[in-house]
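Architecture and fold: a report
One letter stands for each residue in the lines below.
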Amino acid sequence: MNHPHGHLRIDGDRLMRRLAELATIGPIDGGGSSRLALTDEDREGRDLVTTWMRDLGLDVRIDGIGNVVATRPGRIDGPAVMTGSHIDTVRSGGRYDGNLGVLAGLEVIETLIDAGVETEHPTAVAFFTDEEGARYPPDMLGSLVYVGGLGLEEALDTEGIDGSVVGDELDRIGYRGPHPCPGPAPRAFVELHIEQGSVLEAGGHTIGAVTGVQGISWTEFTITGQANHAGTTPMDLRHDAGWAAAAIAVHVRDIATRMGGRQVATVGRLDLQPNLVNVVAGTAALTVDLRNTDEALLTEAEADLAAFVDGIAEAEGIQIEARGLARFEPVAFNGSVVDTVAGTAESLGHAVSRMPSGAGHDAQMMARVCPTGMVFVPSRDGISHNPAEYTDPADLVAGANVLLHILLALDNDAFEEGAPEEGETI
Ligand code: HGY
Ligand code: MN
Ligand code: MN
C-alpha cells in the first residue's frame, strides 16, 4: 500500500471475538442467529453494539427509524467517510450476513484509534433498521428512510407479518431516536458483506468489487376461494385457494426457468387456511420475490406473473389481491469507488472479481446520496439465510483490511461525485 498507513492491519482476533459474541444473541441450532427487526433479540444486539461504539468514544446518534450512526471526528468537520450494514437477521439467519459489515467497520475505527491515525474527514460506522424486510417489508427499510426514499411517518406505520407496527415496536425496544430522517449524506459509503452466493468461491477469488445490486420485486398475493368438504365437493365446483397458490408457485419457478440468465424467482411464504387435511382451502396467502440485473427483464417477469394470476382467478372463480411489498430498480455503484475497491484489494495481494450483487443491501440505498461501493468476501458453498452460512476467518479478516484501506483512500482521494451514468449496467 503506497500511502503512509499502508502497513496498518486490523486486529483479526478482536473482530472474530465480537462476531462470536454478537452471535450469542438470538442463537439458533447450527451456530446461526435469529434477530428479526425490532424484536427483543434485535434490541439486545443493538445494546451490545452501541455499547462497543460508546466504549470507543464515538458520537452515537439514533434517528427516528432506529438507524444508528457512530462517528469519530476527523481533522475537519463535514460529511463522513461511512461504512456499515445491518445487525437484524432473517429467522434462519447466519452469523455474518450484515453483522460482518458493522463489526468490521467498528474494528477499522478502533484500529485507527489504536494507531493514533487522524483522518481528514470524520469516519462513521452505521447499522440500519430492518435491512432484511422479513418482518416489516420492504427490505432496506431503515436505509431507505435514511436517504429520503420513504417518509418517516409512512415507515413508522408499516405493519409487520405478525400484525405489529414499526413505530410501536421501536418505542417498545427504546430505539426511536431523536435525530432527523433523512440523515446527513456521507462523503462516501462502502459496505463490507459476505457474498451469499458461490461466485467468488467458484472463481477462487477472495474479494468481490461489487459493481451494483440487481432489481428486486416483492409481491404478496391474498387468495379468497371457498372452503369446502374435500370428499363431497366435485372438482368442477371447487374454488380452491390451495390449488391456486400451488399453481402460482409452480409458475413462478417456470418464469425463471424460461427466462434464464440472471432471473431468479422465489415463493418464500405460503399459508393456507384452514390448513386441514379434509378441507378445500378457503383462503391462501403467498409471497413472490423476483429479481434481475436488467430492469426491462424484471418488468417482463412481473407482467408474466400478473397475467398468469389473472387467468387462474378467472378459471377457478376466486379473488386474488396483489399487494406490492418492495420494488427497487437495479443500482450501479459509483465507478471510481468500485475501482478503489478493486485496486485496494489487489494492492493487498488479493484475487479480485468485479460482480453484481444478487442480494439487496443498504449500500443500494446509500448510492442515492453519495459515491458508494461494496466489498464481498466468499460464502462457503454459497449458503446464506441459513445457520450453515460460513466464511473462512482469513477471508473475513482480509475483507476488513481491504475495508480499512478503502476508507483511508476515500478519506484522501478525490473521486467522481454523484450517481453512476444514466443507464449504466451493473
Ligand atoms: O432480501 C435481500 O436480498 C436482503 O437479504 N435483504
Ligand atoms: Mn445482508
Ligand atoms: Mn440477508
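Per-chain numbering applies: the sequence of each chain, read as written, is numbered from 1 onward. All chains are assigned letters beginning at A, and all ligands numbers beginning at 1, according to the order in which they are written. Totals for whole chains, interfaces and linings use all residues, but because this is a predicted model, local features are given only for residues with pLDDT of at least 70 and pairs of side-chain atoms are given and counted only at 80 or more. To obtain the side-chain values, all non-hydrogen atoms of the structure were included, while hydrogens and water were left out.

Attention now goes to the packing of helix α8 (residues 241-259) against helix α9 (residues 295-316). The axes used here are C-alpha line fits, helices contributing only the stretch in contact, and every angle between their N-to-C directions lies in the interval 0 to 180 degrees. Counting from the N terminus, the helices are the DSSP runs of H or I reaching at least four residues and the strands are the DSSP runs of E reaching at least two. Orientation of α8 relative to α9, taken along the N-to-C sense of each, is 150°, at an axis distance of 10 Å. In terms of axis orientation, α8 runs roughly antiparallel to α9. Once α8 is placed against α9, the crossing between them reads as right-handed. Contacts between α8 and α9 involve Trp243, Ala244, Ala247, Ile248, His251, Val252, Ile255, Arg258 and Met259 from the former and Leu297, Glu300, Ala301, Asp304, Leu305, Phe308, Val309, Ile312 and Glu316 from the latter. Residues are sorted three ways: Asp, Glu, Lys and Arg are charged, Ala, Val, Leu, Ile, Met, Phe, Trp, Tyr, Cys and Pro are nonpolar, and all the rest, Gly among them, are polar. Classifying every residue of the contact of α8 with α9 by side-chain character gives 13 nonpolar, 1 polar and 4 charged. Here is the rule for angles: anything less than 35 degrees is roughly parallel, anything more than 145 is roughly antiparallel, 65 through 115 is roughly perpendicular, and the remaining ranges are oblique. What makes a crossing left-handed is the near helix being turned counterclockwise from the far one by less than a right angle; a clockwise turn instead makes it right-handed. Between two residues, a contact is recorded if the distance between any of their heavy atoms is within 4.5 Å.

Every residue lining ligand 1 is accounted for by Glu131, Glu132, Asp139, Trp218, Arg291, Ala359, Gly360 and His385. Counting of polar contacts relies on pairs of N or O atoms within 3.5 Å, with two restrictions inside protein: one atom must be capable of donating a hydrogen and the other of accepting it, and residues adjacent in sequence are counted only when both atoms are side-chain atoms. A distance of 3.1 Å is found between a nitrogen atom of ligand 1 and a side-chain nitrogen or oxygen belonging to glutamate 131. Between ligand 1 and the protein, one listed contact pairs an oxygen atom with a side-chain N or O atom of aspartate 139 at 3.2 Å. Residue exposure ignores everything except the shown protein chains as possible cover, and the areas themselves are Shrake-Rupley values with a 1.4 Å probe. With the chains in place, 94% of the 210 Å² that ligand 1 exposes on its own is no longer accessible. Taken atom by atom, the bulk of ligand 1 overlaps the largest pocket. Across the shell around ligand 1, the residue classes tally to 2 nonpolar, 2 polar and 4 charged. Whether a residue is near a molecule or strand is decided by its heavy atoms; if any one of them lies within 4 Å of it, the residue is near. A pocket here means an open set of points on a 1 Å grid, computed over the protein atoms alone, that has protein on both sides within 12 Å along at least five of seven lines. A cavity is instead a set of points where a 1.4 Å probe fits but cannot get out; residues with an atom within 4 Å of a point line either one. For this analysis, a molecule is said to be in a pocket or cavity if more than half of its atoms are within 2 Å of the grid points defining it.

Next up on the list: the pairing of strand β5 (residues 81-85). For β5, the buried fraction is high: 5 of the 5 residues fall into the buried class. When accessible area is computed with a 1.4 Å probe and restricted to protein chains, residues below 20% of their type maximum are described as buried, those above 50% as exposed, and intermediate ones as partly exposed. Burial of β5 is two-sided: the residues Val81, Thr83 and Ser85 facing one way and the residues Met82 and Gly84 facing the other way are all buried. The pairing of β5 with strand β6 (residues 123-127) spans 5 bridges and is classified as parallel. Each bridged residue has a counterpart across the sheet, and for valine 81 the counterpart in β6 is threonine 123. The crossover handedness rule: strands pointing away from the viewer, path from first strand over the helix to second strand clockwise, crossover right-handed. Taken together, β5, helix α3 (residues 99-114) and β6 constitute a β-α-β crossover, and its handedness is right-handed. Bridge count between β5 and strand β7 (residues 188-194): 3 bridges; the pairing is parallel. Counted as the bridge partner of valine 81 is alanine 188 from β7. DSSP calls a pair of strands paired once it identifies at least 2 bridges connecting them.

A few words on the packing of aromatic side chains. By convention here, two paired aromatic rings are described through the distance between centres and the angle between planes. A pair of aromatic rings is counted whenever rings of Phe, Tyr or Trp (Trp by its six-membered ring) have centres within 6.5 Å, and the orientation is called stacked for planes under 30 degrees apart, edge-to-face for over 60 and tilted otherwise. In total, this model carries 2 aromatic pairs according to the counting rule given. Measuring from centroid to centroid gives 5.7 Å for phenylalanine 128 and tyrosine 146, while their planes differ by 75°, and the two rings are edge-to-face. Placement of phenylalanine 128 in the loop between β6 and α4 (141-146) and of tyrosine 146 in helix α4 is noted, with a sequence separation of 18 residues between them. The same class applies to phenylalanine 128 and to tyrosine 146, which are both buried. Aromatic ring contacts, followed pair by pair, group Phe128, Tyr146 and Phe189 into a single cluster. Remark: a charge is flagged as sitting over a ring if the NZ atom of Lys or the CZ atom of Arg is within 6 Å of the ring centre and within 35 degrees of the ring normal. Of note, arginine 18 hangs over the ring of tryptophan 52, and the distance from its end group to the ring centre comes to 5.3 Å.

Let's shift gears to the layout of surface pockets. Grid points are joined across faces, edges and corners, and a volume is the space filled by probe spheres set on the points. Its boundaries defined by the atoms lining it, the largest pocket holds a volume of some 1,200 Å³. Going through the elements one at a time, β11 (264-266), β14 (283-292) and β17 (352-357) are the ones with two or more residues in the lining of the largest pocket. At 4 residues, β14 tops the list of elements feeding residues into the lining of the largest pocket. A per-class count over the lining of the largest pocket returns 17 nonpolar, 20 polar and 11 charged. Here the lining of the largest pocket spans two domains, since at least three of its residues come from each of domain 1 (12-212 + 331-412) and domain 2 (215-328). All the domain ranges listed were derived from an automatic or database domain assignment.

By the assigned domains, the chain splits into domain 1 (12-212 + 331-412) and domain 2 (215-328). Centre-to-centre, using C-alpha coordinates, domain 1 lies 33 Å away from domain 2. Taken together, the 15 residues of domain 1 in the interface contact 9 residues of domain 2. For the pair domain 1 and domain 2, the summed buried area comes to about 820 Å², and 66% of that belongs to carbon and sulfur atoms. Taken as a group, Pro137, Asp139 and Pro356 account for 42% of the area that domain 1 buries against domain 2, more than any other trio of residues on that side. The term salt bridge refers to a pairing of a side-chain nitrogen on Lys or Arg with a carboxyl oxygen on Asp or Glu at a separation within 4 Å. Across the domain 1-domain 2 interface, the total number found is 0 salt bridges. For the pair domain 1 and domain 2, the interface holds 1 residue pair in polar contact (both at pLDDT 80 or more). Class assignment of the residues belonging to the side of domain 1 that touches domain 2 gives a composition of 8 nonpolar, 4 polar and 3 charged. By definition, the buried area sums, over both parts, the 1.4 Å-probe accessible area that each loses when the two are put together.

With that out of the way, let us pick up the nonpolar core. Each nonpolar core is a collection of buried residues, namely Ala, Val, Leu, Ile, Met, Phe, Trp, Tyr and Cys, held together in the definition by side-chain atoms within 4.5 Å. Val49, Met53, Met82, Leu100 and Phe333 are the most contacted members of the largest nonpolar core, which totals 97 residues. At 9 residues, helix α12 (residues 393-412) tops the list of elements feeding residues into this core. Inspection of this core shows a minimum of three residues originating in each of domain 1 (12-212 + 331-412) and domain 2 (215-328). For valine 49, the residues in contact, after removing those within four places along its chain, are Leu22, Ile87, Val102, Leu103 and Phe127. Counting 24 residues, the second largest nonpolar core, distinct from the first, contains Ile255, Ala281, Leu286 and Ile318.

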